[in-house]
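In case you want the letters, here they are:
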Amino acid sequence: MTTSLEKKLEWFGGNEDALSVYRMLVTLSHLWDDLVDKDKPENTTESQINNAFLICLVYLQVNPFYRSIQEQILPMWITVVSGYETANKFEKDKDEHGIEIAHTLRYAAGNILAYMVYVCVGPEKAKDILPELWKDVVFERYDDYKKEHLDV
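Cut-offs applied
Residues numbered from 1 in each chain as written. Predicted model: local features only at pLDDT ≥ 70, side-chain atom pairs only at ≥ 80, totals over all residues. Heavy atoms only, no water. Core = buried A, V, L, I, M, F, W, Y, C linked by side-chain atoms within 4.5 Å. Buried < 20%, exposed > 50% of the residue type's maximum accessible area, 1.4 Å probe, protein only. Helix = DSSP H or I, 4+ residues; strand = E, 2+ residues; numbered from the N terminus. Contact = heavy atoms within 4.5 Å. Salt bridge = Lys/Arg side-chain N within 4 Å of Asp/Glu carboxyl O. Phe/Tyr/Trp six-rings, centres within 6.5 Å; stacked < 30°, edge-to-face > 60°.

Core analysis: the largest hydrophobic core is formed by 30 residues, its most contacted members being Phe12, Leu25, Leu60, Met116 and Val117. A per-element tally of this core places helix H2 (residues 16–37) first, with 8 residues. With sequence-adjacent residues up to four places away left out, Met116 is seen in contact with Phe12, Ala18, Val21, Tyr22, Leu25, Phe65 and Ile69. Ala87, Ile99, Ala102 and Tyr145 belong to the second-largest nonpolar core, a separate cluster that totals 5 residues.

See below:
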């Protein structure tokens with residue numbers, strides 16, 4: 001499911017800075033996955049890696065929205081990273097139950113995006129937006145993921 005940029009801006013109540021954070025986090029997560037999996041070398045060019053460092057060290061740091069939520073999401077990043085590491089272990093082990101869990105853990109950063117929506121539009125409107133956001137975040141269906149990692 002691909003969601004238009006206009007629709008994504010609505011998710012964040014028209015907050016361009018929040019949308020910019022969303023886009024940067026998506027860029028980082030895809031590059032991170034490609035670097036760890038080593039399955040798409042064309043997606044891990046020197047330029048893309050340099051851009052990822054700029055995002056982490058400069059662009060996020062100067063983004064007003066990111067700065068406003070940085071303290072609240074810092075502990076969330078710890079769980080995102082540990083979840084991603086755990087998912088990668090499950091994938092390497094080819095454990096069927098682990099693969100079920102891994103599919104969920106790989107999208108843990110979606111919790112940060114959900115929090116961003118909540119901050120931008122409030123709890124009531126977030127309830128309407130979050131189902132669509134989660135479908136956008138968890139773009140890979142479980143059956144496809146399972147086939148990829150269990151050769152089923």
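It is worth spelling out the side chain of Thr44 at this point. Relative to the helices and strands, Thr44 is located in the loop between H2 and helix H3 (46–62). Sequence-distant contacts of Thr44, defined by excluding residues within four places in its chain, comprise Leu31, Asp34, Leu35 and Ile49.

Inspection of every chain in the model, using the stated rule, returns 7 salt bridges. Across the salt bridge formed by Lys7 and Glu10, the nearest N and O atoms sit 3.6 Å from each other. Remark: Glu10 and Lys7 occur in helix H1 (residues 5–11); sequence separation between them is 3 residues, near one turn of the helix. Residue Glu10 is classed as partly exposed on the basis of its relative accessible area, which comes to 47%. Here the residues in one salt-bridge network are Lys7, Glu10 and Glu132, joined through shared partners.

So, about the packing of aromatic side chains. Under the definition given, this model contains 5 aromatic pairs. Judged by centre distance (5.7 Å) and plane angle (50°), the rings of Phe12 and Tyr22 are tilted. Here Phe12, found in the loop between H1 and H2, pairs with Tyr22, found in helix H2; they are 10 residues apart in sequence, far enough to count as distant. The buried category is assigned to Tyr22, whose relative accessible area is 4%. Ring plane angle 85° and centroid distance 5.9 Å describe the contact between Tyr107 and Phe139, whose orientation is recorded as edge-to-face. Of this pair, Tyr107 sits in the loop between helix H5 (96–105) and helix H6 (110–121) while Phe139 sits in the loop between helix H7 (123–137) and helix H8 (142–150); the two residues are 32 residues apart in sequence, bridging distant segments of the chain.

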